[in-house]
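Secondary and tertiary structure notes
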Amino acid sequence: MEFKAVTNSSVSGQLPAADMLVVGVFEEDTLTGVAQEYDVESSGVISARIASGDFKPKLGNTLVEFNAGPSGAYRLLLVGLGKKDKFDRHNFRTAAQAVAGELKGRAFANVLVFITQEEQIKFETELDSVREVVQALREKEYFFDAYKSKPEAPAPFPTLITIVVSDSIHQNYAQDAINTAEAISLGMTFTKDLGNTPGNICTPTWLGEQAKTLISDKVSVLVHGQAEIEAMKMGSFLAVAQGSIQEPKLIIVEYNGGAVGAAPIVLVGKGITFDTGGISLKPSATMDEMKYDMMGAASVLGTIKAIAVNNMPLNVIAIVPTCENMPSHNAIKPGDIVTSMSGQTIEILNTDAEGRLILCDALTYAQQTFKPAILIDVATLTGAIVSALGEVHSGLFTTDDALATRLIDAGYGSMDTVWRMPMDKEYDEMLKSNFADMANIGGRTGGASSAAAFLARFTADTPAWAHLDVAGTASRGGSAKGATGRPVPLLVQFLNNLAIWGSK
Ligand code: BES
Ligand code: ZN
Ligand code: ZN
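Residues numbered from 1 in each chain as written. Chains lettered and ligands numbered in written order. Predicted model: local features only at pLDDT ≥ 70, side-chain atom pairs only at ≥ 80, totals over all residues. Heavy atoms only, no water.

Many analyses report the size of an interface as the accessible area lost when the parts associate. Splitting the protein by domain gives domain 1 (2-170) and domain 2 (191-501). For domain 1 versus domain 2, the separation of C-alpha centres amounts to 38 Å. Counting from both sides, the interface comprises 10 residues of domain 1 and, opposite them, 11 residues of domain 2. Summing the contributions of domain 1 and of domain 2, the shared interface buries around 950 Å²; its carbon and sulfur component is 47%. On the domain 1 side of the contact with domain 2, Tyr142, Phe144 and Tyr147 bury the most area, a combined 48% of that side's loss. Seen at the junction of domain 1 and domain 2, the total is one salt bridge. Among the ionic pairs, Glu139 bridges to Lys192, the shortest N-O distance being 3.2 Å. Remark: the boundary between domain 1 and domain 2 carries eight residue pairs in polar contact (both at pLDDT 80 or more). Those elements giving two or more residues to the side of domain 1 that touches domain 2 turn out to be α4 (89-103) and α5 (124-141). Here the element with the most residues in the side of domain 1 that touches domain 2 is α5; it accounts for four residues. A per-class count over the side of domain 1 that touches domain 2 returns three nonpolar, one polar and six charged. (Domains from an automatic or database assignment. Contact = heavy atoms within 4.5 Å. Buried area = accessible area lost by both parts, 1.4 Å probe. Salt bridge = Lys/Arg side-chain N within 4 Å of Asp/Glu carboxyl O. Polar contact = N/O pair within 3.5 Å; in protein donor to acceptor, adjacent residues only side chain to side chain. Helix = DSSP H or I, 4+ residues; strand = E, 2+ residues; numbered from the N terminus. Nonpolar A, V, L, I, M, F, W, Y, C, P; charged D, E, K, R; others polar.)

Right, here's the structure in full:
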């Protein structure tokens, strides 16, 4: 599948050879500009289908009409856009997903897509719509059958998807939008593949090997093992790792696309390749989903993949502390006290609150080694954020209002949204320990914020730090079980905005 943008005027009058035209229809009887045009050309076939009730243009409904056009030369794929006054990007995404579902399985040479230029989504948002079409198709194309003994043949897709945009000014921008969407999709696929790989394969060592596949002229990768991590005195990270037979790794991926010496943006990703809870063992039901406890790591690596493909003019570093959280004779026990790389001591009251224990040392390392302009950690950190925000938004924690605004904006821009959560000092006070500088858990309530408060104690040396809790958004459970690729779109959009607008 390949994508191309052309202008409306270049196709009007004389359609290029195409197997199918994708045309949007609103619920109100009025056909949109393009639908109207093809209705006339097709002797009223669209309006006839609507009048007969064969096609109800409710959001996401589809109908394939054969033998359309003046001489019955092409197929029309009608997609319902719902109510005109309710039409927004969310609805556009639903429509684009429906189109992608219809195109899956069709081995066409060329499909012309007209839905991005509907009146309501003109100008800036037309480009967002172009991105949505590309990402919806790439999402539909994704499958993970590496561990099926008899994998099914992958469904065919059209060879070329030609997206028709409203005017020539938009054509170059639309091509940029396609390139960005392709880069994001590649990053998301990488992220999903890492996440969906089972814990017996996806070990810290394997994750380090996967990171090395990113190596290029602008990307370097360094993987530290147990000895180096010990030498760096990452006592908190090592404490989590000590219960497992798998060697912990600290993965550092540097993308140098910006000016030499420009302070980097550092992304730290939680890389627990399996979270049993340790001695504070988790219940069995759905414990398999704890293979996704490395989605923070997977998403920062996928983000590097995307920005490297896009040649983004920034310096960005991904840091991944990765290990397993296992119960064993060697494992940490509730009540154990460890000394973090920062020198602060931690009483481990619950071994299942392990993410913060590996992140705190990685955050200290990030600040000491790279002096980042911006530091963002991404982690499947708490069940509490799942209760609060579900699968809709990732939790955003920061005391930096400017950074919060930029991340929230990037969330809306990419439709990979975040919701800002509180960081009052009362949450920090919950971490009091009778025996060490702090405990690794707060009370029974406010768990997402007390976890963020814990991390904040290790980020005092950075001008701008934010924490993204992606426990609810990075993967899905139930019958749709799988990694989502979030928050790669958010991070790429955030970085793209920084590259274009700078940090002001
Ligand atoms: N990996 C989990 C968080 C999680 C929960 C991710 C559900 C995805 C879905 C994390 O390590 C954890 O177990 N957190 C505990 C913290 C508690 C012991 C303070 C939690 O949220 O229950
Ligand atoms: Zn845990
Ligand atoms: Zn965890």
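For the rest of this paragraph, the subject is the coordination of the zinc ion (ligand 2). Only Asp275 (OD), Asp352 (O), Asp352 (OD) and Glu354 (OE) from the protein coordinate the zinc ion (ligand 2), and they sit 2.0 to 2.2 Å from it. Mapped onto the polypeptide sequence, the residues donating to the zinc ion (ligand 2) form the spacing pattern D-x76-D-x1-E. The metal-metal distance between the zinc ion (ligand 2) and the zinc ion (ligand 3) comes to 3.2 Å, with Asp275 coordinating both. One end of the pair, Asp275, is in strand β10 (residues 271-275); the other, Glu354, is in the loop between β13 (345-348) and α11 (355-370), with 79 residues separating them in the sequence. (Donors = N, O, S within 2.8 Å, 3.2 Å for Na, K, Ca; no water.)

Further remarks concern the nonpolar core. In terms of nonpolar packing, the biggest core is built from 53 residues, with Val253, Ile304, Ile376, Leu468, Phe494 and Leu495 touching the most fellow members. Ranked by the residues each element gives to this core, the list is headed by helix α10 (residues 295-309), at eight residues. Excluding anything up to four places from it in sequence, Leu468 contacts Ile376, Asp377, Val378, Ala379, Gly395, Leu396, Val418, Leu490 and Leu491. By size, the runner-up hydrophobic cluster in this structure holds 48 residues, among which are Phe237, Met421, Leu431 and Trp465. (Core = buried A, V, L, I, M, F, W, Y, C linked by side-chain atoms within 4.5 Å. Buried < 20%, exposed > 50% of the residue type's maximum accessible area, 1.4 Å probe, protein only.)

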